[in-house]
Amino acid sequence: MERRSFLTGAVVTGSTILASGANGHAASSQVTPENTAANPVKRTDGFYLALGGGAAKAFAHIPVLEALDDLGVKPEAIAGTSMGSILGGYYASGMSGKDIRSFTIDLFTQKGQLLQKLFLTDGRTWGSLLNMVRPSIIDPLVLFETLFPDGLAENFEDLQIPMKVVATDFHRQSQAVLTEGALLPAIAASSALPMLLTPVQIDGRVLIDGGFVNPTPFDVFEDTDYPVVAVDVTGADFSAIDGLPSGMETWIGSFSITLHSLVAAKLGCAQPDLLLEPAIGHFQTMDFFEVKAILEAADPIREDVKRGLDRLLGQKI
């Protein structure tokens, strides 16, 4: 299955970086892009990182972060949508990719420990987490305060790496890019999937999941001098579903189709300098307890990251 990846016009197929030829066939990856007004030369002393949303499939971001650690490089800034904002927030707060992997595996494979975390012990009741009369049944702020690791930065200003968190402004029907103030409410807003997680109010705005406006936010960086590396996890493979999908499969699948279509439309207008698409499309967005399998399927992307950054940054890594 061919995976899109734009390295100033490149395609990643399997684990090989190839340049797209004019006739549609793959050409050598050694082709150097020309310096044109449409494709200016970027700085080679840093890069931006965009981590897209995709619920459980976004666990595939973790091998990318581990590859950065292997190379000893950090992005100049991170942009994250939904689950991408969660993992990006961990990384920007100072957690290593390895630590994020360990925390995530422990959280979603030790179900007893997960349930114990959800038995709120700070005086709050289950009613503060679950409430059937709210717009959605789960308060994301309470959920994330309960489940997130210690050490998450309290405010954007406390982050070790600058970050942009993308949410959707419900009333204005537009993108909201959050860059200052309290970090946890911003991440909660970016991840507030309707019907499941309650919308979050910040500065008078009602915010919901950022995937509805920008699933893979590679275009939110104002300074375009640095190359942008984007990780898209919206792809889906429904071939394992025989016959008519169930109601849940239809609901989850239609959400995946919407996100992937939005990313495809954006890529028709502009591209990041390196687009990575881990091969995790056969997983479902709610496969959180399949974390080990998702990580195993995504692990080969680490080599794509290293080769891609080598071309972008050259001798800087």
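Definitions and limits used
Residues numbered from 1 in each chain as written. Predicted model: local features only at pLDDT ≥ 70, side-chain atom pairs only at ≥ 80, totals over all residues. Heavy atoms only, no water. Salt bridge = Lys/Arg side-chain N within 4 Å of Asp/Glu carboxyl O. Helix = DSSP H or I, 4+ residues; strand = E, 2+ residues; numbered from the N terminus. Buried < 20%, exposed > 50% of the residue type's maximum accessible area, 1.4 Å probe, protein only. UniProt positions renumbered as here; feature names shortened; annotations may be inferred. Contact = heavy atoms within 4.5 Å. Arc of directions from axis to C-beta. Phe/Tyr/Trp six-rings, centres within 6.5 Å; stacked < 30°, edge-to-face > 60°. Lys NZ or Arg CZ within 6 Å of the ring centre and 35° of its normal.

As named in an unreviewed UniProt entry, the protein chain is Putative esterase of the alpha-beta hydrolase superfamily, taken from Roseibium alexandrii.

## Here's the deal with the pattern of salt bridges
The full count for this structure, using the stated rule, is 13 salt bridges. Between Lys-42 and Asp-273 there is a salt bridge whose closest N-O contact spans 3.0 Å. A residue pair is termed long-range when its members are at least 10 positions apart, and Lys-42 in the loop between β3 (26-27) and β4 (48-51) and Asp-273 in the loop between α8 (247-267) and β11 (274-276) qualify at 231 residues. Using a relative accessible area of 24% as the deciding quantity, one classes Lys-42 as partly exposed. For Arg-101, the salt bridge identified is with Asp-299, shortest N-O distance 2.6 Å. Remark: Asp-299 occurs in the loop between α9 (291-298) and α10 (301-313) and Arg-101 occurs in helix α3 (residues 97-109); sequence separation between them is 198 residues. Exposure remark for Asp-299: the relative accessible area of 25% places this residue in the partly exposed category. When salt bridges that share partners are traced, they join Glu-66, Asp-70, Arg-101, Asp-299, Arg-302, Glu-303 and Lys-306 into one network.

## Some points on unusual backbone geometry
Glycine aside, residues mostly have negative phi, and peptide bonds are mostly found in the trans state. The backbone phi angle of Ala-55 is positive, close to 55°, even though this residue is not glycine. The residue Ala-55 is located in the loop between β4 and α1 (61-71) in this model. The residue Ser-82 is not glycine, and still its phi comes out positive at about 55°. With respect to the helices and strands, Ser-82 occurs in the loop between β5 (77-81) and α2 (83-92). Relative accessible area serves as the criterion here: at 9%, Ser-82 is assigned to the buried category.

## Quick look at the UniProt feature "active site" (unreviewed entry) in the protein chain
UniProt annotation of "active site" (unreviewed entry) refers to Ser-82 and Asp-209 when read in the numbering used here. A maximum C-alpha distance of 6.1 Å places the annotated residues, which cover 128 residues in sequence, within one compact spot. Ignoring anything within four residues of it in the chain, the contact list for Ser-82 reads Gly-53, Val-166, Ser-190, Ser-191 and Asp-209. Summarising the element assignment, Asp-209 is placed in strand β9 (residues 205-209). Beyond its immediate stretch of four places on either side in the chain, Asp-209 contacts Ser-82, Thr-168, Ala-189, Ser-190, Ser-191, Ala-192 and Leu-193.

## Here's the deal with α9
Where α9 is concerned, the buried positions are Val-291, Ile-294, Leu-295 and Ala-298. Viewed along the axis of α9, the buried residues span an arc of 95°, placing them on a single side of the element. Exposed positions of α9 whose direction lies more than 90 degrees from the buried face are Lys-292 and Glu-296. Where α9 is buried, its residues contact α1, α3 and α10.

## Focus: the packing of aromatic side chains
Under the defined criterion, the tally for this structure stands at 10 aromatic pairs. Note on Phe-59 and Phe-288: the rings are 5.9 Å apart at their centroids and 75° apart in plane angle, and the pair reads as edge-to-face. A residue pair is termed long-range when its members are at least 10 positions apart, and Phe-59 in the loop between β4 and α1 and Phe-288 in the loop between β11 and α9 qualify at 229 residues. Centroid distance Tyr-90 to Phe-148: 5.3 Å. Interplanar angle 85°. Geometry classified as edge-to-face. With Tyr-90 in helix α2 and Phe-148 in the loop between α6 (140-147) and β6 (163-169), this pair connects stretches of sequence that are 58 residues apart. Grouping residues by exposure puts Tyr-90 and Phe-148 together as buried. One aromatic cluster is present, built from ring pairs that chain together Phe-59, Phe-108, Phe-288 and Phe-289. Across from the ring centre of Phe-218, 4.3 Å away, lies the NZ or CZ of Lys-266, which sits over that ring.

## Some thoughts on the environment of Val-233
The residue Val-233 is located in the loop between β10 (228-231) and α8 in this model. If we ignore the near neighbours within four places in the chain, the residues touching Val-233 are Gly-52, Gly-53, Gly-54, Lys-57, Ala-58, Ala-60, His-61, Pro-278 and Ile-280.

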